[in-house]
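Fold and geometry: a report
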Amino acid sequence: MTTPIYLDHLASTPLAPGVLDAMLPWLSAAAVGNPHAAHRPGWRAAEAIEAARAEVAALVGAPPGAVLFTSGATEANTLALLGAVPPGGACVLSAVEHASALGCAPELRRRGHPVTVLPVDGDGRVDPDRLAATLARLPTPALVSIMAANNEVGTRQPLAELAAVTRARGGRFHSDAAQAAGWGMVDATGLGLDLVSLSGHKLGGPMGIGALVIGDGGMGDGVALRPPSPGGGQQRGLRPGTLPTALCVGFGVACRLARSHAAADARRVAGLRDRLWARLSAALPGLRRNGAPDGLPGCLSVTLPGLDAADLLLGLPDLAAATGSACHSDAAEPSHVLRALGRSAEEAHGTLRFGLGRTTTAEEVERAADWVIAAIGDGTADTLRDILPARASSPTPRKG
Ligand code: PMP
């Protein structure tokens, strides 16, 4: 039987070693206790949650009190955008934000907040001068939301400059750091960020937990966040609801591990990503890389015009990779990120996204490259028969 290769870490990462063991006791009957209850079992759970909160905060250089646990980055983005936009003020987002952020635009407009979506360059980067010009045209300070690194093409944004430009205009800066934080790339205080979104399952933690980190962006005063729900007083009423002890604990452990290994892991994984690109680009003439090469260590997005990427992956069911964004894989339309980078609908259709992670091995990268090159060479993807009629069959055996 073929051993599957998991190269979809941008969609979800496996639990880091030690995370499950740390969580399990909190799922046992012996650990019963609402962390918000005033008795010893409740206090024990609350203590574990506060320790986890401190680990999450440390990963992004923020004080523990700045962390609000949420169900994930989707909820954190929604909370930031709908809850921190100044009353009557505008909101500015980039065209490559995650769907959970861009999807807030209609609701913001409905509530009377003008929304501007900034274009990006061919690598997916926002120009700070363009942001400055946009903010200068707005009559009141705005909430600006620009992600730290993109989940489809890996490009990192110049966060310090973008946050400084926003601050100079009296605005607030939110960054979706779901992908970047696990690589130790986000220092909320050093970068001057007011709000940061995090996701547990993108950095070795469990699904169903994330955080909105509320800093002061260097302005010395906290962001005024309007709670989404009028009821419930947990987490200062800003994000009410009983906290899931086991999930918070697992997220905290994952953040601690990510912080201690980030630099070494990033170097190793970036080396594997570059090796994959070298293999694929040497074997597949016309292959193009999407996004800036110094982006997320584990992200490799490539386009082969004419390729049916979905077809290719259907023929390689033991290779877990994505076409564009996994979050969009059930939607037929081309990825909004690739379109924003200037790729055509056809090019988006011919795009594969590999997400390498901490558990990825050199041997897996070689095998994945063999499979993809062989599948394309053999014309596994139907459309390739038309566009690559002369391509020699690869000597590498195709997986069965
Ligand atoms: N933002 C980014 C950049 C992401 O990659 C994702 C996950 N695809 C999310 C937000 C949503 O995160 P979650 O699954 O925790 O809701």
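Here goes a summary of the coordinates provided. (Residues numbered from 1 in each chain as written. Predicted model: local features only at pLDDT ≥ 70, side-chain atom pairs only at ≥ 80, totals over all residues. Heavy atoms only, no water.)

**Digging into helix H6 (residues 128–137)**
The complete set of buried residues in H6 reads Pro128, Leu131, Thr134 and Leu135. For H6, the angular spread of the buried residues around the axis is 120°, confining them to a single face. Counted as exposed and oriented over 90 degrees from the buried face of H6: Asp129 and Arg137. Looking at the buried positions of H6, the neighbouring elements they touch are strand S3 (91–94), strand S4 (115–118), strand S5 (143–145) and helix H7 (159–168). Among the residues of H6, the N-terminal cap falls to aspartate 127, whose side-chain oxygen and the backbone nitrogen of aspartate 129 are separated by 2.9 Å. (Buried < 20%, exposed > 50% of the residue type's maximum accessible area, 1.4 Å probe, protein only. Helix = DSSP H or I, 4+ residues; strand = E, 2+ residues; numbered from the N terminus. Arc of directions from axis to C-beta. Contact = heavy atoms within 4.5 Å. Polar contact = N/O pair within 3.5 Å; in protein donor to acceptor, adjacent residues only side chain to side chain.)

**Considering the pairing of strand S2 (residues 67–70)**
Burial along S2 is two-sided: the face carrying Val67 and Phe69 and the face carrying Leu68 and Thr70 are both buried. Bridge analysis of S2 against strand S8 (residues 210–214) gives 4 bridges, and the strand direction is antiparallel. Looking at the pairing, valine 67 lines up with valine 213 of S8. (Pairing = 2+ DSSP bridges.)

**Considering the environment of proline 14**
One can find proline 14 in the loop between strand S1 (5–6) and helix H1 (19–23). Note on proline 14: relative accessible area 36%, which makes it partly exposed. Along the primary structure proline 14 and glycine 204 are separated by 190 residues, whereas in three dimensions their C-alpha atoms are 5.7 Å apart. What proline 14 contacts, discounting residues up to four positions off in sequence, is His9, Gly204 and Thr359.

**Here we look at the sheet that holds strand S7 (residues 195–199)**
Reading across from one edge, S2-S8-S7-S6-S5-S3-S4 is the order of the 7 strands in this open sheet, with mixed pairing throughout. Edge strands, defined here as strands with exactly one partner in the open sheet, are S2 and S4. This sheet shows a mean twist of 20° between the axes of neighbouring strands, independent of strand direction. One ladder, built from 3 bridges, connects S3 with S5; its direction is parallel. Within the sheet, the bridge partner assigned to leucine 93 lies in S5 and is serine 145. In the packing of helix H2 (residues 40–59) onto the sheet, the strands contacted are S2, S7 and S8, and the crossing angle to S2 comes to about 110°. (Axes fitted to C-alpha atoms, helices over the stretch in contact; angles between N-to-C directions.)

**Structural notes on unusual backbone geometry**
One can expect most non-glycine residues to show negative phi and most peptide bonds to be in trans. The phi dihedral of glutamine 235 is positive, around 50°, even though this residue is not glycine. Take glutamine 235: it is sitting in the loop between S8 and helix H9 (245–283). Under the relative-accessibility criterion, glutamine 235 is labelled buried at 10%. A positive phi angle, near 60°, is found at arginine 236, a position not held by glycine. With respect to the helices, strands and loops of the structure, arginine 236 is situated in the loop between S8 and H9.

**Some details on the pattern of salt bridges**
Under the definition given, this model contains 17 salt bridges. A salt bridge links glutamate 107 to arginine 111, with the nearest nitrogen and oxygen atoms 2.7 Å apart. With a relative accessible area of 46%, arginine 111 lands in the partly exposed category. Within this structure, Arg275, Arg279, Glu366 and Asp370 form a network of salt bridges that share partners. (Salt bridge = Lys/Arg side-chain N within 4 Å of Asp/Glu carboxyl O.)

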